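Working through the structure, step by step
Chain by chain, the residues:
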Amino acid sequence: DLVLSTPVLTPNGDGVHDQLRVDYALFGLPEPVPVDLEVYTLAGRRVVIAPQGLQTAGPQSARWDGRDEGGEILPPGLYLIAIAVRSERSGDAVFRPMGIAY
């Protein structure tokens, strides 16, 4: 289950909802695995891969500042957030909608 700290990210530098925190739990991992936070457009195009490092089973948290890999803030709109576990035991992806406004 993905729990977002806010349904609307406003990365405008005012200190309010400038970062998104995503809380989730990983299960059935015998060793640490690479985890990425991924952001998709509503059309299904992946626009961000934010590596979260190696993580183990249990409660986890990821952070994202609304920027793409080039450091640019994504345009305002609706996006889908997912956590990708790079493991042979990874299950179906879970997506949560999230908006960006500024």
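Going by the structure above, here's the rest.
Residues numbered from 1 in each chain as written. Predicted model: local features only at pLDDT ≥ 70, side-chain atom pairs only at ≥ 80, totals over all residues. Heavy atoms only, no water.

**Here's the deal with the sheet that holds strand β6 (residues 58–64)**
Think of a sheet as strands paired side by side through backbone hydrogen bonds, with each pair either parallel or antiparallel. What the three strands build is an open sheet, ordered β1-β3-β6; its pairing is antiparallel. Strands with a single pairing partner mark the edges of an open sheet, and in this sheet they are β1 (3–4) and β6. With two bridges joining them, β1 and strand β3 (residues 20–26) adopt antiparallel strand pairing. Counted as the bridge partner of Leu4 is Val22 from β3. (Pairing = 2+ DSSP bridges. Helix = DSSP H or I, 4+ residues; strand = E, 2+ residues; numbered from the N terminus.)

**Quick look at the pattern of salt bridges**
Pairs can form between side chains of opposite charge once their charged atoms are near each other. Counting across every chain of the model gives five salt bridges. A salt bridge links Asp23 to Arg21; the nearest nitrogen and oxygen atoms lie 3.0 Å apart. Assessed through its relative accessible area of 24%, Asp23 is described here as partly exposed. (Salt bridge = Lys/Arg side-chain N within 4 Å of Asp/Glu carboxyl O. Buried < 20%, exposed > 50% of the residue type's maximum accessible area, 1.4 Å probe, protein only.)

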